[in-house]
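Residue-level listing of the chains:
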Amino acid sequence: MRGIVCILGLSVVLAGCDKAVEDKKISELTSEEAQTLCKSPQAIEQLTNNFKASTSEFLTQHPFNYYPFIDRNTDSAKSVTDSELRRKSRIDDSFLYSADTFNKGFGQTDVLKISNPTLSATGQESLTCSAQADFSSDEIYGKAFSTPVSWTITKADKKIIVDGKLALTDMKQSKVEPTAGQKAWRDKYEAELNAKDKALKDIADSEYQPISTKDLFYVYFAQTSRQFSDDELMGLFSNKWNNTSDSFAKEDIKKEELPQIKAKIAEYKDVKNILLYSTSDGSYHDEDFLKLKTASGENGIKINDMGIFTLTGSSYDFSKKGYEYHNFLCNMNGGITVNERGVSLSVDKTIRGCTVQVPDDQARDISAKFAALNGKGKNVSTTAKYFIHIDSINGDRNTIDATLVKDDIQLIDPDTKDVILHTVIN
């Protein structure tokens, strides 16, 4: 009767109505007892804990960016603007699934299931079990993860010890119909992201300011959470301090210059919206661009822009009322990177669209001009102002991470230097 009662629940077998399994060595277990050990709550719990620890460690070292497989906006593409489609696609590639996200949701919105644990081999000191592992997360839209998994069980002091490697990185990803939880999460995330994007688009042009590469260095130190010692700051900002080895002279220089250095850095604490300039052929055709200086009267950051290299060779799109924009973060073109003394401004996100829209009353003439230039093997010259918002400072990678909000561009006839079109790409 005792044996019949004990097989009613796995926890009972190992918890205590019959101590035989606990007391037995692995080599003494019957196949039924070994099978029971594979399915025991203790074994599954240890395997689950291994999965959590290994996944958390992996995500910490190699964060994943998860992209939903299903674009629910595809069917409605004709009914929304280019910039709206751009914003919606950004939802899919902006979410960072981090170790922090995983750990907070594990066991609730992030669930691991171990199905059909089965004994696959036995030995004198251990036995081997196998099962199917499936993982799903409300915060990874339209994806599921699965893999067969195996683990060994040994015993020590009547306790079972599970040794089995299992992590999210080991699992196969597959496209699935999004769950209700995934849909609800994505709707909420979309609303939050769109609100942030709208706030960026509502920033007045007057709040954007040109900065020099030297200013970029100050922005980094003013806004990074990374802590620098006084000596480190002196080494980075003081030539006099670096050019002497006299310890007493260094202390005198530090007393004199350090307060000034810190005060200068503090001036950049609230600099969040900046302007960059570009040209496609190394010259500027509009005096307005040349007049724009930094607060200290220096030239702002200028970059060479070969982005619109195919414009005259492309065709006017009647549905979008304009031309496809070949530029930073459009049509497989990379982002903007500006380096200064080991600090990088990294603009790898944008909320503006990828269409150079043309007023209806200018479309025919501009199309003819582009065709004529293309027939000569020429392209338009360009000047541009890039409106950029600083999102965060990464002290580990020494980067200023930013979003491109919009472009103010001029398309210029390379022969006559006349402005063919002056427009803003939103």
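Residues numbered from 1 in each chain as written. Predicted model: local features only at pLDDT ≥ 70, side-chain atom pairs only at ≥ 80, totals over all residues. Heavy atoms only, no water.

With an unreviewed UniProt entry as reference, the chain is termed Lipoprotein, source organism Phytobacter palmae.

Caption draft 1: Main features of the packing of helix H9 (residues 213-223) against helix H10 (residues 230-237). At their nearest, the axes of H9 and H10 sit 13 Å apart, and the two run at 170° to each other. As judged from the angle between their axes, H9 and H10 are roughly antiparallel. For the pair H9 and H10, contact is made by Phe217, Tyr218 and Phe221 and by Leu233, Leu236 and Phe237, respectively. Counted by class, the contact of H9 with H10 contains six nonpolar, no polar and no charged residues. (Axes fitted to C-alpha atoms, helices over the stretch in contact; angles between N-to-C directions. Helix = DSSP H or I, 4+ residues; strand = E, 2+ residues; numbered from the N terminus. Parallel < 35°, antiparallel > 145°, perpendicular 65-115°, else oblique. Contact = heavy atoms within 4.5 Å. Nonpolar A, V, L, I, M, F, W, Y, C, P; charged D, E, K, R; others polar.)

Caption draft 2: The confidence of the model for the chain, seen in detail. Of all residues in the chain, 85% attain a pLDDT of 70 or more, and the chain-wide mean is 86. Mean pLDDT values over the elements of the chain span from 35, in helix H1 (residues 2-6), up to 97, in helix H12 (residues 247-266). In this model residues 1-19 is a low-confidence stretch, pLDDT under 50, and it forms 22 contacts with partners more than four residues away in sequence or in other chains. pLDDT under 50 marks residues 70-79. Its contacts with residues more than four places away, or in other chains, come to 12 contacts. (pLDDT = per-residue confidence, 0-100.)

Caption draft 3: Representation of the environment of Thr179 in the model. Within the fold, Thr179 resides in the loop between strand S7 (172-175) and helix H8 (180-201). Residues Thr179 and Tyr141, spaced 38 residues apart in sequence, show a C-alpha to C-alpha distance of 8.2 Å. Reaching out from Thr179, the side chain makes a polar contact with the backbone nitrogen of Gln182 at a distance of 3.1 Å. (Polar contact = N/O pair within 3.5 Å; in protein donor to acceptor, adjacent residues only side chain to side chain.)

Caption draft 4: Quick look at helix H5 (residues 41-61). Between its first and last C-alpha atoms H5 spans 30 Å; for 21 residues at 1.5 Å apiece the expected length is 30 Å, and the two agree. Listed in full, the buried residues belonging to H5 are Ala43, Ile44, Leu47, Thr48, Phe51, Thr55, Ser56 and Leu59. (Expected span 1.5 Å × (residues − 1). Buried < 20%, exposed > 50% of the residue type's maximum accessible area, 1.4 Å probe, protein only.)

Caption draft 5: Region of the structure containing the packing of aromatic side chains. Going through the model one piece at a time under the given rule, you end up with 22 aromatic pairs. Here Phe95 and Tyr189 contribute two aromatic rings whose centre-to-centre distance is 5.3 Å and whose plane-to-plane angle is 75°, an arrangement assigned as edge-to-face. Within this pair, whereas Phe95 is found in the loop between helix H6 (82-94) and strand S2 (96-97), its partner Tyr189 is found in helix H8, the two being separated by 94 residues in sequence. Across the pair, Tyr189 and Phe95 agree in class, each one buried. Put simply, the rings of Phe217, Tyr218, Tyr220, Phe221, Phe228, Phe237 and Tyr268 pair up and form one aromatic cluster. Across the ring face of Trp241, the terminal group of Lys250 is positioned such that the distance to the ring centre comes to 3.7 Å. Lying over the aromatic face of Phe387, Lys406 brings its terminal NZ or CZ to 4.9 Å of the ring centre. (Phe/Tyr/Trp six-rings, centres within 6.5 Å; stacked < 30°, edge-to-face > 60°. Lys NZ or Arg CZ within 6 Å of the ring centre and 35° of its normal.)

Caption draft 6: Just the pattern of salt bridges, in detail. What the rule picks out here adds up to 19 salt bridges. In this structure, Asp205 engages Lys406 in a salt bridge whose closest nitrogen and oxygen atoms are separated by 2.6 Å. You can see Asp205 sitting in the loop between H8 and strand S8 (209-210) and its partner Lys406 sitting in strand S16 (residues 399-412), a full 201 residues away along the chain. Overall, Asp205 belongs to the partly exposed group, its relative accessible area being 43%. Looking at Lys406, the relative accessible area reads 14%, which means it is buried. (Salt bridge = Lys/Arg side-chain N within 4 Å of Asp/Glu carboxyl O.)

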